[in-house]
Amino acid sequence: MLGAAGAGLVRGLRAGTQVWLWGSRGRSLTLPHAARGLHAGDRRPSAGRGPLERRPSLPAAAIVNSAPRPLQPYLRLMRLDKPIGTWLLYLPCTWSIGLAAEPGCFPDWYMLSLFGAGAVLMRGAGCTINDMWDQDYDKKVTRTASRPIAAGDISTFQSFVFLGGQLTLALGVLLCLNYYSIALGAASLLLVITYPLMKRITYWPQLALGLTFNWGALLGWSAVKGSCDPSVCLPLYFSGIMWTLIYDTIYAHQDKRDDALIGLKSTALLFREDTKQWLSGFTVAMLGALSLVGVNIGQTVPYYTALAAVGAHLAHQIYTLDIHRPEDCWDKFTSNRTTGLIIFLGIVLGNLWKEKETDKTKKNIDNRIEN
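Residues numbered from 1 in each chain as written. Predicted model: local features only at pLDDT ≥ 70, side-chain atom pairs only at ≥ 80, totals over all residues. Heavy atoms only, no water.

K.L.:
Could you clarify how one ought to interpret the environment of T334 in this entry?
P.N.:
Relative to the elements of secondary structure, T334 occurs in helix 17 (residues 326-334). Once the C-alpha coordinates of T334 and G85 are considered, the two residues, 249 residues apart in sequence, prove to be 9.0 Å apart. (Helix = DSSP H or I, 4+ residues; strand = E, 2+ residues; numbered from the N terminus.)

Written out as structure tokens, the structure is:
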């Protein structure tokens, strides 16, 4: 019932955002995938043995295609034509920055812009590293053979220089923050380095991705406040990790057969037919942690309304999920951009609502003093 009730709301919210998510579909794989790294959202699902359903062209893809021809391979190397991975990296940062705003105030737009640039650069750097490591393998896979390095559009040396440029710019973004945040951001490098190994040694690489992708939930708050408040940052970070386990488990179901064939591990292979039960548990944990965040920071009605909408969205997502249809897994995976935006909107409106509550409290105090 909850999933059905939320379907209408979700459909309306998604209608305005899907244009950012869809790219042209690739063709089915001829060989299994070898890597699932910090470039989440890079792949397109196969559709059995037949051709994939075609999607309308994206503005993001159109922008890349309209760029000067010498630049296009580098833009595709960064996956600028497929922005869903960048959104999933960026949104936890926006939650944290929004929560750190003063009551009655909008989030710090400068910080939102700064973290947006950082998300684009770091996601691009992760994709570049992945393609450098897997270029020989990519040449043997129909879907990845056209990637810039595998196709020979960019040499290994050129990609290495390009990677250095991205990391240098990302460092420049980090140095714009306070010293506490610089140290905190640098601490995430261990996660960035070790995550790609996890799918080879554990069935929980999605957990490692969650620890990495949601570091912005800590960094955003510290960038505004100068340090982390554990009562807010830790449950927010935990909620982001649970969210990643939801969407990346769905994502992993696209490639479970190929992963099993080459010996890679994932929660999709671990959960199998029990996936929906696990996803439901992660959803409850995520919403519980976000509720705790709201209580600890004194959030208001719009925030909790947003959490109810998120719960309806995720319930509908899980209830209608077909783990045996890769194209449906892709649809559900990309719909998580809507989830993140609903939470951010709830945080902003809830924070603005605080000003009204503060004014009411002041008036009541003044009336008591006068009486």
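K.L.:
Sorry, what's going on with the nonpolar core here?
P.N.:
Side chains of nonpolar character tend, in soluble globular proteins, to be buried together. The biggest cluster of nonpolar side chains holds 70 residues, and the ones touching the most others in it are W95, L99, F115, L177 and M286. When near neighbours in sequence (up to four residues on either side) are disregarded, M286 contacts S239, M242, W243, I246, V310, L314, T339 and I343. In this structure, L77, A125, M132 and I149 belong to the second largest nonpolar core, which totals 6 residues. (Core = buried A, V, L, I, M, F, W, Y, C linked by side-chain atoms within 4.5 Å. Buried < 20%, exposed > 50% of the residue type's maximum accessible area, 1.4 Å probe, protein only. Contact = heavy atoms within 4.5 Å.)

K.L.:
Quick question: what am I supposed to make of the pattern of salt bridges here?
P.N.:
If the charged atoms of two oppositely charged side chains come close together, the side chains can form a pair. For the structure on display, the rule yields 6 salt bridges. Across the pair E102 and K225 runs a salt bridge whose closest N-O atoms are separated by 3.5 Å. Of this pair, E102 sits in the loop between helix 4 (84-99) and helix 5 (109-133) while K225 sits in helix 11 (residues 216-225), placing them 123 residues apart in sequence. Accessibility expressed as a relative area gives 38% for K225, which makes it partly exposed. In this structure, the salt-bridge partner of E327 is R325, at a minimum N-O distance of 3.3 Å. Here the residues in one salt-bridge network are R325, E327, D328 and K332, joined through shared partners. (Salt bridge = Lys/Arg side-chain N within 4 Å of Asp/Glu carboxyl O.)

K.L.:
Quick question: what am I supposed to make of helix 17 here?
P.N.:
Residues three or four positions apart in an α-helix share a direction because the helix packs 3.6 residues into each turn. Counting buried positions along helix 17 yields 8 of 9 residues, so the element is predominantly enclosed. Considered for burial, the residues of helix 17 that qualify are P326, D328, C329, W330, D331, K332, F333 and T334.

K.L.:
For this particular structure, what's the right way to read the confidence of the model for the protein?
P.N.:
Detailed reading of the predicted model is not advised wherever pLDDT is low. For the protein, mean pLDDT is 82; residues scoring 70 or higher make up 78% of the total. The spread of mean pLDDT over the elements of the protein runs between helix 1 (residues 2-15), the lowest at 44, and helix 15 (residues 275-297), the highest at 98. Note that residues 1-57 has pLDDT below 50 and, in this model, 148 contacts with residues that lie over four places away or in other chains. (pLDDT = per-residue confidence, 0-100.)

K.L.:
Please clarify how unusual backbone geometry should be interpreted in this entry.
P.N.:
Phi is mostly negative for residues that are not glycine, and the peptide bonds are mostly trans. A positive phi angle is found at R79, which is not glycine, with a value near 65°. Relative to the helices and strands, R79 is located in the loop between helix 3 (72-77) and helix 4. Looking at R79, the relative accessible area reads 2%, which means it is buried. Phi is positive for R272, close to 50°, though the residue is something other than glycine. Inspection of the secondary structure assignment puts R272 in the loop between helix 14 (267-271) and helix 15.

K.L.:
Sorry if this is basic, but what is going on with the packing of helix 12 (residues 230-252) against helix 15 here?
P.N.:
How two helices pack is summed up by the angle between their axes together with the distance between the axes. Contact geometry for helix 12 and helix 15: axes closest at 8 Å, N-to-C directions at 160°. Here helix 12 is positioned roughly antiparallel relative to helix 15, judged by the angle of their axes. When you trace helix 12 past helix 15, the crossing you get is left-handed. In contact with S231, V232, P235, L236, F238, S239, M242, W243, L245, I246, T249 and I250 of helix 12, helix 15 contributes T275, L279, F282, T283, A285, M286, A289, L290, L292, V293, N296 and I297. Here the residues of the contact of helix 12 with helix 15 are counted per class, giving 18 nonpolar, 6 polar and no charged. (Axes fitted to C-alpha atoms, helices over the stretch in contact; angles between N-to-C directions. Parallel < 35°, antiparallel > 145°, perpendicular 65-115°, else oblique. Left-handed = near helix turned anticlockwise from the far one by under 90°. Nonpolar A, V, L, I, M, F, W, Y, C, P; charged D, E, K, R; others polar.)

K.L.:
What exactly am I supposed to notice about helix 8 (residues 179-187) here?
P.N.:
Taken as a whole, helix 8 has its buried residues at S181, I182, L184 and G185. Down the axis of helix 8, the buried side of the element spans an arc of 165°, and every buried residue falls inside it. Helix 8 presents Y179 and A183 as exposed residues on the side facing more than 90 degrees away from its buried surface. Turning to helix 8, the residues buried within the fold contact helix 7 (156-174), helix 9 (189-201) and helix 11. (Arc of directions from axis to C-beta.)

K.L.:
Can you walk me through the packing of aromatic side chains in this structure?
P.N.:
Remark: the centre distance and the inter-plane angle together describe each pair of aromatic rings, the angle taken between the planes. Under the defined criterion, the tally for this structure stands at 16 aromatic pairs. Note on Y251 and F333: the rings are 4.6 Å apart at their centroids and 45° apart in plane angle, and the pair reads as tilted. Taken together, the residues Y251 in helix 12 and F333 in helix 17 connect sequence positions 82 residues apart. Under the relative-accessibility criterion, F333 is labelled buried at 0%. What links up through ring pairs into an aromatic cluster is the set W95, W243, Y247, Y251, W330 and F333. (Phe/Tyr/Trp six-rings, centres within 6.5 Å; stacked < 30°, edge-to-face > 60°.)

K.L.:
When you look at the state of the cysteines in this model, what are you seeing that I'm missing?
P.N.:
Applying the stated criterion to the full structure yields 0 disulfides. Just so you know, C228 is unpaired, no disulfide at all, and the nearest cysteine sulfur is the one on C233, 4.1 Å from it. Residue classification places C228 among the partly exposed residues on the basis of a relative accessible area of 22%. (Disulfide = S-S within 2.5 Å.)

K.L.:
Can you walk me through the packing of helix 4 against helix 12 in this structure?
P.N.:
With their axes 11 Å apart at the nearest point, helix 4 and helix 12 run at an angle of 155° to one another. It follows that helix 4 is roughly antiparallel to helix 12 by the angle criterion. Every pair of crossing elements has a handedness; the one defined by helix 4 and helix 12 is right-handed. Here L88, L91, P92, W95, S96 and L99 of helix 4 come into contact with helix 12, specifically with V232, L236, S239, G240, W243 and Y247.

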